[in-house]
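One-letter residues, chain by chain:
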Amino acid sequence: MFSNPHFSVGDWLVIFAYLAGIIGLGMWFGRDQHTTRDYFLGSRNVSWWAIGMSIVAAETSALTIIGVPAMAYGDSLVFIQMIVGYVIARIILAVVMVPHYFKGEIYSPYQLFANAFGPKARQTAGGFFLISETLAAGVRVYVASIPVQLLLGLEVLPAIVLFVGLSLVYTYVGGVKAVIWTDAVQFGLFLLGGVFAVVYIPTLVEGGLGGVLSQAGEAGKLHWLNTHLDTLRQQGIGPFLRATLAAPFNLWMGLIGGTVMVMSSHGAEQLIVQRVLACRNVAEGRKALVLSAVAIFPLFLVFLMTGAMLWVFFQGHPFQIPIPAVKPGSGIKANDFIFPIFMMTEVPHVLRGFLIVAILSAAMSSVSSALTSLASVSTMDFVKGQRGARSEDFYLRFSKYSTVFWAGMLIFVAYLSRQVEFVLNAAFSLRGLTSGALLGGLLLAMFRRTGGATPVIAGMTASLALMIAIQTLPRFDWSKAAWQQWIGPEVFWPWYTLIGTVTTLTVAELARRLGRRQPRADA
């Protein structure tokens, strides 16, 4: 099953020791699960610093570890502008939203919808999350499996089953507590993998670190700031806005689009919010988010610098493994194989095994995080209390069965993605399509709390419809020309959440006012 001529016995021992150790660690920390509170909130006795590291690990997939260096290899460090918004959003969430999560026994942010607008709004929001997270997580598994096939010599389906099956073992047994503690370990592993690469690559290049930075700088690989201010001064506000809304990354995209996007992913989506809810109190929830804000910037900077350094290295060293052919539209680019190829051919044995473990740890972390968040929403937002009172044993069993069900769904979506191109493309964008609806609805639930469920559902539905149009109209033959004439380039994904949030708030307010309007009596 496993075959790779570039791996030694020592490399395989490191990989198998990691897999056995992380599963054992998860089962140990997740023992003694008796209630849904234990399973989904970790009994609220998990250390805030572990939760902070788990937050970063949950949003970092294997594709991030592979794809972020690829960005810098093919372009520059401009993606770091997005991380500025990632940090700002966490600070805002820590100050504004965290207190709302600890008003009572909250299992998901969608309970706030029920408190304000009733169960229909709650289930609409929960349904948006279940669909988007299943597709997005399934696609992450598929995309991450492609380079890992190269690393481990696996076929597509065994690679997918490996990620999901191993993650399922400790998630099924230990729930969110097991996921948080294994995430914390996995975060340390892939951060160390990145730091090692940044330190090691200059030793292979003439001139050392200074030579690497000099060559990277001369080639523009260290460029990181894009403001489009020259466009504003020379061409005016219209061209400036079109340039700002489209690729590539720019400062305004990070400061505004990135901030709002992460306010949704970390404030309105269960994948991350579940970790904050596992904290003991408001103060520790805030500390966990702030710790993740401190960690996220250096993490991405390390992997971006890795990509820039790899570009310098491969200018003077041939690839010892040809870059595999890439399926058009698959979400994988040729540059995504650069870092794995470097690991397999240029790093000493045993250390090579540790770098492969860094990728596996990121992949397993993203899978286990998806499983526990999907199981939590399906159990607590859709089942518990819907058909009368049931025992805690019933809900705990249902929670575990639900975890297995969602594991099967991730495998199904991941495998489907290898053949159906439009599913893959839609799934990559779906989180952006629903994130604005979820954030807008949550803001209404926290600060508006009037008008009933209908205006909120109308706003969220309108947001989803508009985002689907923004995503698809520039690509249809019958609408492409009109889009380019009236709008310009395609809107880049970091703006999706802001557009969707504004749409949700606007349509909900209009629907609320129309609902309150009474017909006038005849004079």
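Residues numbered from 1 in each chain as written. Predicted model: local features only at pLDDT ≥ 70, side-chain atom pairs only at ≥ 80, totals over all residues. Heavy atoms only, no water.

Caption draft 1: How the structure looks around the confidence of the model for the protein. Looking at the protein as a whole, the pLDDT averages 86, with 93% of positions reaching at least 70. Across residues 421-426, where pLDDT falls below 50, the model places 12 contacts with residues more than four positions away in sequence or in other chains. (pLDDT = per-residue confidence, 0-100. Contact = heavy atoms within 4.5 Å.)

Caption draft 2: Quick peek at helix H22 (residues 496-516). For H22, which comprises 21 residues, the first-to-last C-alpha distance of 30 Å matches the rise-based estimate of 30 Å (1.5 Å per residue) to within 8%. Taken together, the buried positions of H22 are occupied by Tyr496, Thr497, Gly500, Thr501, Thr503, Thr504, Ala508 and Arg512. Projected down its long axis, H22 shows its buried positions confined to an angular sector of 165°, all on one face. Opposite its buried face, H22 presents the exposed residues Leu510, Arg513 and Leu514, each directed more than 90 degrees away. (Helix = DSSP H or I, 4+ residues; strand = E, 2+ residues; numbered from the N terminus. Expected span 1.5 Å × (residues − 1). Buried < 20%, exposed > 50% of the residue type's maximum accessible area, 1.4 Å probe, protein only. Arc of directions from axis to C-beta.)

Caption draft 3: Fine view of the packing of helix H10 (residues 208-218) against helix H15 (residues 282-316). Where H10 meets H15, the closest approach of the two axes is 9 Å, and the angle between their N-to-C directions is 90°. In this view, H10 runs roughly perpendicular relative to H15, as classed from their interaxial angle. Counted together, Leu209, Val212, Leu213, Gln215 and Ala216 of H10 and Met305, Ala308, Met309, Trp311 and Val312 of H15 form the full contact between these two elements. The class makeup of the residues in the contact of H10 with H15 is 9 nonpolar, 1 polar and no charged. (Axes fitted to C-alpha atoms, helices over the stretch in contact; angles between N-to-C directions. Parallel < 35°, antiparallel > 145°, perpendicular 65-115°, else oblique. Nonpolar A, V, L, I, M, F, W, Y, C, P; charged D, E, K, R; others polar.)

Caption draft 4: Focus on H15. For H15, spanning 35 residues, the distance from its first C-alpha to its last is 53 Å, which sits close to the expected 51 Å at 1.5 Å a residue. The backbone nitrogen of Ala283 has a side-chain oxygen 3.2 Å away, supplied by the residue at the start of H15, namely Asn281. (Polar contact = N/O pair within 3.5 Å; in protein donor to acceptor, adjacent residues only side chain to side chain.)

Caption draft 5: Focus on the side chain of Thr306. Inspection of the secondary structure puts Thr306 in helix H15. Beyond its immediate stretch of four places on either side in the chain, Thr306 contacts Pro69, Gly194, Ala197, Val198, Ile201 and Phe339.

Caption draft 6: Examining the packing of aromatic side chains more closely. Overall, the coordinates contain 21 aromatic pairs when judged by the stated rule. Both rings, one in Phe196 and one in Tyr200, keep their centres 5.1 Å apart while their planes meet at 10°; by these two values the pair is stacked. Linking Phe196 with Tyr200, this pair stays in helix H9 (residues 156-200), spanning 4 residues, or about one helical turn. Classification of Tyr200 by relative accessible area gives buried; the value is 17%. By way of ring pairs, the aromatic residues Phe79, Tyr86, Phe249, Phe300, Phe492 and Trp493 are connected into one cluster. Above the ring of Phe394, the side-chain terminus of Arg390 is found at 4.4 Å from the ring centroid. (Phe/Tyr/Trp six-rings, centres within 6.5 Å; stacked < 30°, edge-to-face > 60°. Lys NZ or Arg CZ within 6 Å of the ring centre and 35° of its normal.)

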